[in-house]
Structure formats: C-alpha cells, structure tokens
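The primary structure of each chain is shown beneath.
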Amino acid sequence: DGSMKSQLRGYFWRISYSVCADVPFPPPLKVVILISYGRGFGDNVPAPFITFEATGFPPEILRDIHAAGFLSPTPIQAQTWPIALQNRDTVAIAKTGSGKTLGYLIPAFILLRQCHNNPQNGPTVLVLAPTRELATQIQDEVIKFGRSSRVSCTCLYGGAPKGPQLKELDRGADIVVATPGRLNDILEMKKINFGQVSLLVLDEADRMLDMGFEPQIRKIVNEIPPRRQTLMYTATWPKEVRKIASDLLVNPVQVNIGSVDELAANKSITQYVEVVPQMEKERRLEQILRAQERGSKVIIFCSTKRLCDQLARSIGRNFGAAVIHGDKSQGERDWVLNQFRNGKSPILVATDVAARGLDIKDIRVVINYDFPTGIEDYVHRIGRTGRAGATGVSYTFFSEQDWKYAADLVKVLEGANQHVPPEVREMALRGGPSVGKDRGGMNRFDSNSGNGAGRRWDSGGRGGMRD
Ligand code: ADP
Ligand code: MG
C-alpha cells in the first residue's frame, strides 16, 4: 500500500535494507526482501511495484495476468520489474517457485513491443536455461502471457534432433529459449545470428554452471553485442556464480529474495546433526545405512571426488553404491542416474556439483558425510528429500573443523524446529571448536538417531587421540 511504499523508498538511500512483507502469494509466506546496490556503485534503486497497476504494463498484458488469477506481483517480480524496465543489469538470488519467469518475460515483451526488429534476422531476447524441461516450461509461459504482444518463441535443447529446431528457427523467433549445449552447437553451425540480441537472461545460472555449461555460456555471450541488458537468476550465490556475474553483468543491481532460514523451514524433513570425528564417520554411516528400509533411496554427499570413490568402494562391500561426480563422462553419469532412479542401485555417493542438477523425487534419506562449504549448500542438499509432501530425513556429520558453519546451522535447525546438538550450539556460541575435547563427551551424537553405538565411541578413548 501507499504508506509501505513510501517507507520502502526511504530505505533505498541506504546501502542495504531488509523489510518483512506479507505477500498474497501461494503458499502464504513471510518473505524477507533485501536489496543492495551493485558493489561500489551509488546508483539509485527504483522502488518496487507492490501492485500490478503500479507497473504501468500495457492493458492486454495486465489482462492476461489477471486472467491467470494472480493477485499481486511476487516479491521477485515487484523488485526486478522496475529495475529491468530501466534497462539495467540485475542479478536476482531467489529460490524456485518465486515467479522468476514472468519476472523477466514481461520486461522482454515490453522490449519487443518497442523495438521493431525482424525476427527473421535473429532473436531479440535470448534466455539460457539448464535443462530441456525448464526451457519448455519457459516457452509455455511465453505462449500463455505473450500472446497479446504477438511474440514468437523457439526452444532449442539437446537430446532431440536438430532438424526441426533449425527449421523453426528459420521461420524467425523474437525469443529463443535454449540450453547452452545445443545453442552452442547451432552457433558453431552458424545457424543463428545474435546481432539483434538486446536482452540476455541466464535462468538458474548456478545450475547451469554445476552442469558444466560455463564454457558454452561464455562462447555464446561472446557473440552477443556488448550493448545489451543482462538479467541473471540463481538460487545460490557461490564463488563461481559471483565470478561469472561479475564478468557478464555491468554494474548490476542485486536482489535477494528470501533467506536461508526460510528455505530450510521445510518441516517435513527431519534433520539429524551429529558431531562425528573424521575417523568414526564410516562406521556411523554403515549403521545408518543398515537401519534403512530395503530399497529406500539414499544420497550421500562427500566433499571430494576422490572421497566419493573411496567411500563407494568401502561401503560397496556391504551395500551396493553408485558414484557420481565431475570426472565421470556424461554416458557414465546417465547410466548411474538411471540405476539410482529405477532403484537398482538405491545408494548414491555424490559431490555437490554433480548432484545439484539432478531431479530425483523419491529420495528418502540425505546423508552429509562431509559438511558442505556453506549453509546454502546444506539447505540445497537436504532439500533433495522431503519433496512434494513426502517426509524425508537428513543425517549430517558435523566435525570440529566445521565450527565456522555452526552458527548458520543452528539458525537453520531452529528455523525448522529441529533439535540442535549441544556441541554444535556451543561451537556457535564460542565461535570456535567445541571445548568438549577433554570431556570425552564430544563424540556423543544426537540421541534421536542413535541406536546405542554412541556408547562404544565414548569409551573408545577418542578424546585422548586428539590431545
Ligand atoms: P521460478 O522460475 O521462480 O521457479 P516460476 O516463474 O516458474 O517460478 O513461477 C512459479 C509459479 O507461480 C508458476 O506457476 C507461475 O505461473 C506462478 N506465478 C507467477 N507469478 C505469479 C504471481 N504474481 N502470483 C501468483 N502466481 C504466480
Ligand atoms: Mg524458473
């Protein structure tokens, strides 16, 4: 409403702000909106569009939006529309399901209404997305909301013959939605011209990088005139994504929607965290695996490719386990994933990078054999279970060396009403490893998940080994 809007505007003059807003977006959630300036630049960030009417979109577009039954812009739309309409580069960090697609498509439609490019000379808008499914979903939204703007759209993705796609491309398209691999092939065949591209969208950029598409993305972007607008969307904000953002975007505005706590507040996942010393991890893992129902799908995350291989080999003696990581060829990965999907090999050992692009729905248990290097990855990993109303369980081995993440972890656990092991809380409060070393109690693990084995560890004299 008006008063909130003016209140918001006042905050824009600060370096950053955060507000809470109740948004009528299903499911109703409390969303924290945080905006900050592009690094080092004092640019003014426009106020968000709180209502559809405030956007000033053409009436036909508003009609289609209302026809879809949408009541108000989602937070990401409210924040990014005014920025995108000013032709500024934006990087938006938001989880899936937040309405990003229309966040960039409507500014794209408006751009297409204004410029009078001939689609036969190449696309004006290029959207890169990680997978075929996602690309076709985006195309569906173009069809649904772009009709009144008379927008043409072509989808290019791998795993399907090139012929029909090339033919469609020949007929001309205002918007091309593509996966980087296929688009790069078509580019190398000189079958597409990027001379007219003035809006580039990187959707789910983190996932594209995880899938190894960075070289293709860079080659594609090199062919696009530098005088363009670039919008980048990502669910996470690790180093690699920051790097490509700083290479491809010019003085971007950064929009963060949501917070880690909120992402993790998936209450259908039971999160067990145990303080487990390195040397005990394998034994504890076997206990957990043994306790699972036969055939339940389990994914085990390790920090390195080498560790993945080692672990799969050693647990493989008692449990069949498949491995997936960046050194595996595409063919191997596909095969392994199939074995996992169809339940022939229900235990999968993976690195973050290899696992992030996977869409496997019925995972029962996620095990963090190593704690990830960031709380976002933790949330991402455990989010692989407990999907679509199913209940899931995660086990996390936390060690003294991971103390840096203790405070974040405590926040996530509390946000999801989960038990916080006292050792982890202690590390969070101390800002260092726990002092439990000389108490012999550091090896206790969460009693919820225990089956008596903890006693063995306590009497195992591990405290002495450390000192
Ligand atoms: P994301 O790309 O962030 O994962 P999508 O763009 O796919 O999210 O949107 C998720 C769903 O929300 C879609 O079904 C979309 O049609 C719907 N949606 C988009 N904008 C709104 C809105 N303003 N109000 C309600 N639903 C919306
Ligand atoms: Mg999306």
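Reading the values: rules and limits
Residues numbered from 1 in each chain as written. Chains lettered and ligands numbered in written order. Predicted model: local features only at pLDDT ≥ 70, side-chain atom pairs only at ≥ 80, totals over all residues. Heavy atoms only, no water. Axes fitted to C-alpha atoms, helices over the stretch in contact; angles between N-to-C directions. Helix = DSSP H or I, 4+ residues; strand = E, 2+ residues; numbered from the N terminus. Parallel < 35°, antiparallel > 145°, perpendicular 65-115°, else oblique. Left-handed = near helix turned anticlockwise from the far one by under 90°. Contact = heavy atoms within 4.5 Å. Nonpolar A, V, L, I, M, F, W, Y, C, P; charged D, E, K, R; others polar. Pairing = 2+ DSSP bridges. Core = buried A, V, L, I, M, F, W, Y, C linked by side-chain atoms within 4.5 Å. Buried < 20%, exposed > 50% of the residue type's maximum accessible area, 1.4 Å probe, protein only. Near = heavy atom within 4 Å. Polar contact = N/O pair within 3.5 Å; in protein donor to acceptor, adjacent residues only side chain to side chain. Salt bridge = Lys/Arg side-chain N within 4 Å of Asp/Glu carboxyl O. Lys, Arg positive; Asp, Glu negative; His and termini not counted. Phe/Tyr/Trp six-rings, centres within 6.5 Å; stacked < 30°, edge-to-face > 60°. Lys NZ or Arg CZ within 6 Å of the ring centre and 35° of its normal.

Caption draft 1: Looking closely at the packing of helix α12 (residues 281-291) against helix α13 (residues 305-315). Packing of α12 against α13 brings their axes to within 11 Å, and their N-to-C directions diverge by 55°. Viewed along their axes, α12 and α13 adopt a mutual orientation that is oblique. Between α12 and α13 lies a crossing whose hand is right-handed. Where α12 abuts α13, its residues Glu 282, Leu 285, Glu 286 and Leu 289 lie against Leu 311, Ser 314 and Ile 315. Tallied by class, the residues present in the contact of α12 with α13 amount to four nonpolar, one polar and two charged.

Caption draft 2: A look at the sheet that holds strand β11 (residues 297-301). On the basis of which strands lie adjacent, the open sheet formed by six strands has the order β10-β15-β14-β11-β13-β12 and parallel pairing. Either end of the sheet is taken by a strand with one partner, and the two such strands are β10 (269-275) and β12 (322-324). Within this sheet the neighbouring strands show an average axis-to-axis angle of 20°, counted without direction. On top of the sheet, helix α14 (residues 330-341) reaches β11, β12, β13 (347-350) and β14 (363-368); it is set at about 135° to β12, its chief contact. Packed onto the sheet, helix α17 (residues 406-415) meets β10 and β15 (392-398) and runs at close to 150° relative to β10.

Caption draft 3: Seen up close, the nonpolar core. Grouped together as the largest cluster of nonpolar side chains are 44 residues, with contacts concentrated most on Ile 106, Phe 109 and Ile 175. The biggest single contributor to this core is helix α4 (residues 100-114), with nine residues. Sequence-distant contacts of Ile 106, defined by excluding residues within four places in its chain, comprise Phe 57, Ile 61, Ile 65 and Trp 81.

Caption draft 4: How the structure looks around the site of ligand 1. Ligand 1 sits among 15 residues. The nearest are Ser 72, Gln 77, Gly 97, Ser 98 and Thr 101. Residue Thr 101 places a side-chain N or O atom 2.5 Å away from an oxygen atom belonging to ligand 1. Counted by class, the shell around ligand 1 contains four nonpolar, eight polar and three charged residues.

Caption draft 5: Molecular detail of the packing of α17 against helix α18 (residues 422-430). In the contact formed by α17 and α18, the axes pass within 8 Å of each other and the chain directions differ by 125°. Comparing the axis directions of α17 and α18 gives the class oblique. Here α17 and α18 pass one another in a crossing that is left-handed. Together, Ala 406, Ala 407, Leu 409, Val 410 and Glu 414 of α17 and Val 424, Arg 425, Met 427 and Ala 428 of α18 make up the contact between the two elements.

Caption draft 6: Inspection of the pairing of strand β9 (residues 253-257) at higher detail. Counted residue by residue, β9 has five buried out of five residues, so it is predominantly covered. In β9, alternate side chains face the same way, and those of Val 253, Val 255 and Ile 257 on one face and Gln 254 and Asn 256 on the other are all buried. As paired strands, strand β3 (residues 90-93) and β9 are joined by four bridges and run parallel to one another. Along β9, the bridge assignment pairs Ala 92 with Val 255.

Caption draft 7: Representation of the pattern of salt bridges within the structure. Scanning the model with the defined rule gives eleven salt bridges in all. Salt-bridge contacts for Glu 60 lead to Arg 113; the nearest nitrogen and oxygen are separated by 2.7 Å. With Glu 60 in helix α2 (residues 59-67) and Arg 113 in helix α4, this residue pair connects regions lying 53 residues apart in the sequence. In this structure Glu 60 comes out as partly exposed when scored by relative accessible area, which is 25%.

Caption draft 8: The arrangement of the side chain of Asp 402 in detail. Residue position: Asp 402 is located in the loop between β15 and α17. In this structure, Asp 402 is buried with no salt-bridge partner, the nearest side chain bearing the opposite charge being Lys 281 at 5.4 Å. For Asp 402, the residues in contact, after removing those within four places along its chain, are Phe 371 and Phe 397.

Caption draft 9: Highlighting the packing of aromatic side chains. Applying the stated criterion across every chain, the model contains nine aromatic pairs. Plain terms: the ring middles of Tyr 369 and Phe 397 are 5.9 Å apart, the flat faces sit at 55° to each other, and that makes the pair tilted. One end of the pair, Tyr 369, is in the loop between β14 and α16 (375-382); the other, Phe 397, is in strand β15, with 28 residues separating them in the sequence. Both residues of the pair, Tyr 369 and Phe 397, belong to the buried class. When the ring of Phe 371 is compared with that of Tyr 378, the centres are 5.6 Å apart and the planes differ by 20°; the resulting orientation is stacked. Each member of the pair, Phe 371 as well as Tyr 378, carries the same accessibility label: buried. Each residue in the set Phe 371, Tyr 378, Phe 398 and Tyr 405 is aromatic and connected to the rest through ring pairs, giving one cluster. Here the basic side chain of Lys 281 rests over the ring of Tyr 369, its NZ or CZ set 5.6 Å away from the ring centre. Seen from the ring of Phe 340, Lys 297 lies directly overhead, with NZ or CZ sitting 6.0 Å from the centre.

Caption draft 10: Here's a closer look at helix α3 (residues 75-85). With ten of its eleven residues buried, α3 lies for the most part within the structure. Trailing α3 by a residue or two, Asn 87 shows a phi angle of about 60°, which is positive.

Caption draft 11: View of the pairing of strand β8 (residues 229-234). Burial analysis of β8 places six of its six residues in the buried class, the great majority of the element. Sheet topology note: the β3/β8 ladder contains four bridges and is parallel. Bridge pairing in β8 places Val 91 opposite Met 232. Pairing between strand β7 (residues 199-202) and β8: four bridges, direction parallel. By the bridge assignment for β8, Leu 200 is matched with Thr 230.

Don't take any of this as a statement about function, it's just geometry.
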